Amino acid sequence: MTDNLYPAILVLKDGKFYRGWTLLNSIMSFGEVVFNTGMTGYQEIMTDPSYAEQIITFTYPEIGNTGINYEDNESNKIHIKGIVAKNLCFSPNNWRKQESFINYILKNQIPHIFGIDTRALTKHLRTTGSMNGCISSENLNPYLLSSKFTNISLIEDNDLVKQVTTSRNYEFQDYPRKHFSYLRYKTDSKYGSGLKIVLIDFGVKYNILSRLHNYGCSIHILPATSSYKEIKSYNPDGILLSNGPGDPSVITYAVTTVKTIMKYTNIPIFGICMGHQIISLALKAKTFKLKFGHRGLNHPAGMKQKAEVTSQNHGFAVTKESLYEDTINITHLNLNDSTVAAIFHNKKPIFSVQYHPEASPGPHDSDYLFKYFINLIKQFKQYNNYAEPSLAQTS
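Values in this document were obtained by computation on a predicted structure and should not be read as measured data.

Peer 1: I'd like a rundown of the overall build of the protein chain, residues and numbers included.
Peer 2: Scanning the protein chain from terminus to terminus reveals ten helices and 19 strands. Rg of the C-alpha trace for the protein chain: 21 Å, near the compact-globule value of 21 Å for 395 residues, within the 12% margin. Projected onto the principal axes, the alpha-carbon positions of the protein chain cover approximately 65 × 45 × 45 Å. By residue count, 57% of the 395 residues in the protein chain fall in the buried class. Pairs at least 24 apart in sequence give 76% of the contacts found in the protein chain among residues at least 6 apart. About 17,300 Å² of surface is accessible on the protein chain, with carbon and sulfur atoms providing 49% of the total. Seen as two clouds, the 40 positive and the 32 negative side-chain charges of the protein chain have centres 3 Å apart.

So this is what it looks like as structure tokens:
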């Protein structure tokens, strides 16, 4: 805990600025300023690789109320470039709390600013779109800070996946994470026993691994740059393409690999967020940058009078018109703006979603997709549909 407050400023690329306070006396951090409408989950958001290079505006008026625990991190490091909040909680209280939020951001030197009108900031971003910004306590002159944006690249100009993907192949060996759910069922820890899943890591969240692990699956995590032959050498029963940060259209190496997998195998594939976009690009679809993205815990997704409440975090989406109806069936739309939320391949065991079925944080409406993936794998193993043509020409 600290009683020291220092003046700080948030400056946006378009010149708009907001003055507030920070607990760190020397910060200057640049990133894409976005907003998340969730009422909880700040710990998971800070450690989610999908938020790499982003400054997160929390629209909920006070964050830190439940403190920090050591179980809910979504990776082993903090990926965000900064936090923007109206109020920070100095007196957290929760039965799982192991550390205060204030101590956490001080210990990890997380750039932050609070005491600003986050409602006004969010309305501005909704009108103008997400853009680069800077949190600073070193320099409080907005005009001098604005001049520095010319040297800051855009999210869509960078391959952020290579920044967050694993550098080595490894097998997930952790203990299953406790799954707190209002649903009155228990995950069958033997349901996926004996199944080998290869997960391509574009910036995977820990809870995706945990949900598969809770079903008893064997999970092998490979870097995003892995070749087709390397993936195939594991003889996987299924392949999961994980979430990840940034612009999917620049991840051309992964798109090429997924194309090859689709062409030469019938291995079931499940894509989540970035994985969904990579699958779509491999099927010759196109993606585009959303004006201000989808980031929150209550996005409705569905079709034909049915909807699920979903957790979402992405700044890009698949262009609906670019999906070929003879190949792809759109099963869910984001019911806020009718963008593509889920697809299923008409001829191969491939499906993907533009939301988070592991929902950490968020609702559990779509958690069934992990069991669905396992069922799909079992069905194809049962009917031995893994016959493949010659792979001599593949790389």
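Still to come is the rest of the account.
Peer 1: Explain the UniProt feature "domain: Carbamoyl-phosphate synthase small subunit N-terminal" (unreviewed entry) in the protein chain to me, using residue names and the numbers behind them.
Peer 2: In the numbering adopted here, UniProt assigns the feature "domain: Carbamoyl-phosphate synthase small subunit N-terminal" (unreviewed entry) to residues 6–136. The span residues 6–136 is 18% helix and 34% strand, and its two end C-alpha atoms sit 10 Å from each other.

Peer 1: Can you explain unusual backbone geometry? Please cite residues and give values.
Peer 2: Positive phi, close to 55°, is recorded for Cys-273, a residue that is not glycine. With respect to the element layout, Cys-273 can be found in the loop between β14 (269–272) and α9 (274–282). The exposure class assigned to Cys-273 is buried, which follows from its relative accessible area of 3%. The backbone of Ser-338 sits at a positive phi, close to 65°, despite the residue not being glycine. A relative accessible area of 38% means that Ser-338 is categorised as partly exposed.

Peer 1: Now, about the sheet that holds strand β12 (residues 218–223): what can you tell me, with residues and values included?
Peer 2: Strand order in this open sheet of ten strands is β10-β12-β11-β13-β14-β19-β18-β17-β15-β16, and the pairing throughout is mixed. Unpaired on one side and paired on the other, β10 (170–171) and β16 (306–318) mark the two borders of the sheet. Judged from the eleven bridges that link them, strand β15 (residues 287–303) and β16 form a sheet pairing that is antiparallel. Looking across to β16, one finds that His-294 is bridged to His-314.

Peer 1: Account for helix α10 (residues 368–382), with residues named and values stated.
Peer 2: Think of an α-helix as turning once every 3.6 residues; residues three or four places apart then point the same way. In a regular helix each residue adds 1.5 Å, so 15 residues correspond to 21 Å; α10 covers 21 Å between its end C-alpha atoms and thus fits that length. Of all the positions in α10, only Leu-369, Phe-370, Phe-373, Ile-374, Leu-376, Ile-377 and Phe-380 are classed as buried. Viewed along the axis of α10, the buried residues span an arc of 155°, placing them on a single side of the element.

Conventions used here
What you see as residue numbers is a count from 1 along each chain, following the sequence as written. Note on the predicted model: pLDDT of at least 70 is required for a residue's local features to be given, and 80 or more for side-chain atom pairs to be given and counted; whole-chain, interface and lining totals, by contrast, use all residues. Derived side-chain values reflect all non-hydrogen atoms in the structure, with water molecules and hydrogen atoms excluded from consideration. Working definition: helices are DSSP H or I runs of at least four residues, strands are E runs of at least two. Numbering for both runs from the N terminus. Both definitions apply: the radius of gyration is a C-alpha atom measure, and the globule rule equals 2.2 Å times residues to the power 0.38. Exposure categories follow from relative accessible area, calculated using a 1.4 Å probe and restricted to protein chains: below 20% of the type maximum is buried, above 50% is exposed, and the middle band is partly exposed. Whether two residues are in contact is decided by their heavy atoms: any pair within 4.5 Å suffices. Per-residue accessibility takes into account occlusion by the displayed protein chains alone, with areas from the Shrake-Rupley method and a 1.4 Å probe. Residues counted as positive are Lys and Arg, residues counted as negative are Asp and Glu, and His and the chain ends are not counted. By convention, the point assigned to a charge is CZ for Arg, NZ for Lys, CD for Glu and CG for Asp. UniProt positions are given in the numbering used here, feature names are shortened, and annotations may be inferred rather than shown by experiment. By this definition, two strands are paired if DSSP reports at least two bridges between them. Multiplying 1.5 Å by the residue count of a helix minus one yields the expected span of that helix. The directions considered for the arc run from the helix axis to the C-beta atoms.

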